[in-house]
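Okay, here's what each chain looks like letter by letter:
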Amino acid sequence: MVSAEAMRLFVKILEEEEPGWYSRASNSVLEPVTDVQMNHNAIVEPIIKNRNSFAETKTISAENGGLIETQDIDVVSEGLGSVVVYDQWTSLPITGQRPKGRYEHAAAVVEDKMYIYGGNHNGRYLSDLHVLDLRSCTWSKIEAKVESKSVETPSPINITPSAGHSLIPWENKLLSIAGHTKDPSETFQVKAFDLQIGTWSMLNTYGKPPVSRGGQSVTLVGTTLVIFGGQDAKQTLLNDLHILDLETLTWDEIDAVGVPPSPRSGHAAAVHAERYLLIFGGGSHATCFNDLHVLDLQTMEWSRPTQQGEIPVPRAGHAGVTVGENWFIVGGGDNKSGASETVVLNMSTLAWSVVTSVEGRVPLASEGLSLVVGSLNGEDILISFGGYNGHYNSEVNVLKPSHKSTLQSKIMEGPLPDSVSAVHNATNPTRDLESEFEVGQEGKIRETAIDNFEPMKSKGGETSEHILAMLKAEKEELESSFNNEKLLSLQLKQELADAEARNTDLYKELQSVRGQLASEQSRCFKLEVDVAELRQKLQTMETLQRELELLQRQKATSEQVAINAKQRQGPGGVWGWLAGSTPQNADDA
């Protein structure tokens, strides 16, 4: 048993024997604000990178004696505006009432505010709700109210603390989906927090809901929620698939074709092009995974495409978020060590690349952390909170992604490998390949020009003609590469058209065979009816035959009796009979 599960079992037994143990322990033990210090230096010199100067970092003392890393007061006032370096994690200076450290909580962003709900701390499930203003970087706790069941039954509903749940923004509400609770229930709970009036309520759903669980993935696709996997109250791992229509609040269990992912929890899920559901990683009782599975939501068919690039190490408890066609994965671990790399998957090419890495037991290498995406001045910001790596963390870290995959650029420099094109067609067959290559080449030309601009300025001996010649040669090389890619895309489009034509012919043939089969089935059914009628007639004829034979026997007996009677009567009538003479014919008698 892993340490976290052992602690959870110990706390459960302790609560059964001594229900008031936590209140007594909380009054005598002070919890430190900071579990892991990411930087022990008191003063850091100003950093100059990309011709930008950053304010120096200072360390100030907290009220409880811990160390909190912060920045200059001018930078703090800017909030997320202080993040100017791309693809690097930065510890965000925070003010206000910071939530206690936790993991397996849920987070969501709504209008420049990040909401944190529930989680696990010291083996106890939480039900508190906190909000972080991303512009002022200020925490505040929401004193949420609970809505009564109805007018007839004014008693409030029970909002139980939970962990391993999911938080989904929908209209003006936050939907809390599933999760582990102290008292396991068979009911799959969907709770809703109204952001306008600040109240919790339970959503009444219809249909057959899934079994209760935690550690599942919940993905919003249009107006539906797609729920996959998780672990139920009996610690049984699941790999079932359910869909909740948010407009009708109706459940639907999906029986997809193909080979689904093995049962797991603590995985990550994302949707690409509103059609493809991607499942990555997760863990079972004995091992962690780094496999990638794709579900086509139109055909409901599972597939396991080939991953490109440096595949991430197996992990569970990680968090993921999408920015465009890029899927960022942060944290997670294998119960031995945390995953230190922040990786990104291009969902069109299924190519992995590493964004950045961290060192040591820091919150970004934790299990059960949350990851959301915010926006500032039109740029996306990744925001991480919490996690467990031996300590319960409550730090907020941010990263500004450059929206560029190094591996993708390398792939675009040469001919497209067959494996990449096959995976691309498998995951997104409707994408216009020609337009994709044009955009990729345009971005590559612009990127090459920017990369070569600074070195060419520093070389004072080169003439402008030489520079133009270099650019012209590189342009010709890129145009040649673009033409090759264009021919390849046309070839792929032709192959796709041929495959679609073959598919159409096979479908027509299948429909013809189905029609013939239907007519044969109808003919067989008619023959069975005729045979049944003939059998019934045959049984009737046999009965009539037996009755005829009986009548014939009766007739023969009657005739024999009549003959015998005639023979006994003579011609003399009664007097002849008295005289002993035998009648000669029947007329005399």
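Calculation notes
Residues numbered from 1 in each chain as written. Predicted model: local features only at pLDDT ≥ 70, side-chain atom pairs only at ≥ 80, totals over all residues. Heavy atoms only, no water. Helix = DSSP H or I, 4+ residues; strand = E, 2+ residues; numbered from the N terminus. Buried < 20%, exposed > 50% of the residue type's maximum accessible area, 1.4 Å probe, protein only. Contact = heavy atoms within 4.5 Å. Areas by Shrake-Rupley, 256 points an atom, 1.4 Å probe, with all protein chains shown as cover. Polar contact = N/O pair within 3.5 Å; in protein donor to acceptor, adjacent residues only side chain to side chain. Pairing = 2+ DSSP bridges. Salt bridge = Lys/Arg side-chain N within 4 Å of Asp/Glu carboxyl O. Core = buried A, V, L, I, M, F, W, Y, C linked by side-chain atoms within 4.5 Å. Axes fitted to C-alpha atoms, helices over the stretch in contact; angles between N-to-C directions. pLDDT = per-residue confidence, 0-100.

Visitor: Which residues make up the overall build of the protein chain, and what values go with them?
Guide: For the protein chain, the helix and strand inventory stands at 8 helices and 31 strands. Residues counted as buried form 39% of the 589 residues belonging to the protein chain. A sequence separation of at least 24 residues applies to 55% of the contacts in the protein chain between residues at least 6 apart. For the protein chain, the accessible area works out to roughly 33,400 Å², and carbon and sulfur atoms hold 53% of it.

Visitor: Mind laying out the side chain of N120, listing which residues take part and the relevant values?
Guide: Following the sequence through the fold, N120 ends up in strand 8 (residues 113-121). Among the polar contacts made by the side chain of N120, one reaches the main-chain amide nitrogen of G123 at a distance of 3.2 Å.

Visitor: Help me get a handle on the sheet that holds strand 9 (residues 124-133), residues and values and all.
Guide: Read across the open sheet, the 5 strands follow the order 6-10-9-8-7; overall the sheet is mixed. Of all the strands in the sheet, the pair left with one neighbour each is strand 6 (95-96) and strand 7 (106-109). As paired elements, strand 9 and strand 10 (residues 138-142) share 5 bridges and run antiparallel to each other. Residue pairing for strand 10: L129 is matched across the bridge by I142.

Visitor: Mind laying out the pattern of salt bridges, listing which residues take part and the relevant values?
Guide: Pairs may arise between side chains of opposite charge once their charged atoms sit close together. Enumeration according to the criterion identifies 7 salt bridges in this entry. For R102, the salt bridge goes to D128, with nearest N and O atoms at 2.8 Å. Taken together, the positions of R102 in the loop between strand 6 and strand 7 and D128 in strand 9 put the pair 26 residues apart, joining distant regions of the chain. Residue classification places R102 among the buried residues on the basis of a relative accessible area of 0%.

Visitor: A description of the nonpolar core should follow, citing residues and the corresponding values.
Guide: If you look at the biggest cluster of nonpolar residues, it comprises 18 residues, and the most contacted ones within it are M114, W139, I383 and V396. Elements with a minimum of two residues in this core: strand 8, strand 29 (370-376), strand 30 (379-385) and strand 31 (396-399). Broken down by element, the residue count for this core peaks at 3 residues, all from strand 30. For M114, the residues in contact, after removing those within four places along its chain, are A108, V109, H130, V131, L132, L134, W139, V372, I383 and F385. With 16 residues, the next largest nonpolar core counts V344, L364, L382 and L399 among its residues.

Visitor: An account of the environment of E253 is requested, with residue identities and associated values reported.
Guide: Tracing the chain through its elements places E253 in strand 19 (residues 250-254). According to the relative accessible area criterion, E253 is partly exposed, its value standing at 48%. In the structure, E253 is positioned 45 residues away from K208 in sequence and 7.8 Å away in space, judged by C-alpha atoms. Contact partners of E253, with chain neighbours within four places excluded, come to L241 and H242.

Visitor: Which residues make up the pairing of strand 14 (residues 190-194), and what values go with them?
Guide: One face of the sheet, then the other: side chains in a regular strand alternate in exactly this way. The buried fraction of strand 14 amounts to 5 of the 5 residues, a majority that puts the element mostly inside the structure. Burial of strand 14 is two-sided: the residues V190, A192 and D194 facing one way and the residues K191 and F193 facing the other way are all buried. Bridging between strand 13 (residues 173-177) and strand 14 involves 5 bridges; their strand directions are antiparallel. Bridge assignment links L175 to a residue of strand 14, and that residue is A192. Where strand 14 meets strand 15 (residues 199-202), 4 bridges bridge the pair, whose relative direction is antiparallel. When the sheet's bridge partners are listed, D194 is paired in strand 15 with T199.

Visitor: I'd like a rundown of the sheet that holds strand 16 (residues 217-221), residues and numbers included.
Guide: One open sheet accounts for 4 strands, arranged 16-17-18-19; its pairing is antiparallel. The sheet terminates laterally at strand 16 and strand 19, the two strands that pair on one side only. When strand polarity is set aside, the average angle formed by the axes of neighbouring strands in this sheet is 25°. Of the strand pairs in this sheet, strand 18 (residues 237-245) and strand 19 are connected by 5 bridges, and their pairing is antiparallel. Following the sheet pairing, D245 is matched in strand 19 by T250.

Visitor: How would you sum up the environment of L382? Please name residues and give values.
Guide: Along the chain, L382 turns up in strand 30. As a C-alpha pair, L382 and L371 span 11 residues in sequence and 6.8 Å in three-dimensional space. If near-sequence neighbours (up to four positions away) are discounted, L382 is found in contact with W89, V321, V323, F328, L371, V372, V373, N397, V398, L399 and P401.

Visitor: Report on the confidence of the model for the protein chain, specifying residues and quantitative values.
Guide: It should be kept in mind that the predicted coordinates are not to be read in detail where pLDDT is low. A residue-level look at the protein chain finds 71% of positions with pLDDT of 70 or above and a mean pLDDT of 79. Scored below 50 in pLDDT, residues 26-77 shows 73 contacts in the model against residues more than four places distant or in partner chains. Per-residue pLDDT stays below 50 along residues 150-155; that stretch engages in 4 contacts with residues further than four places along the chain or on separate chains.

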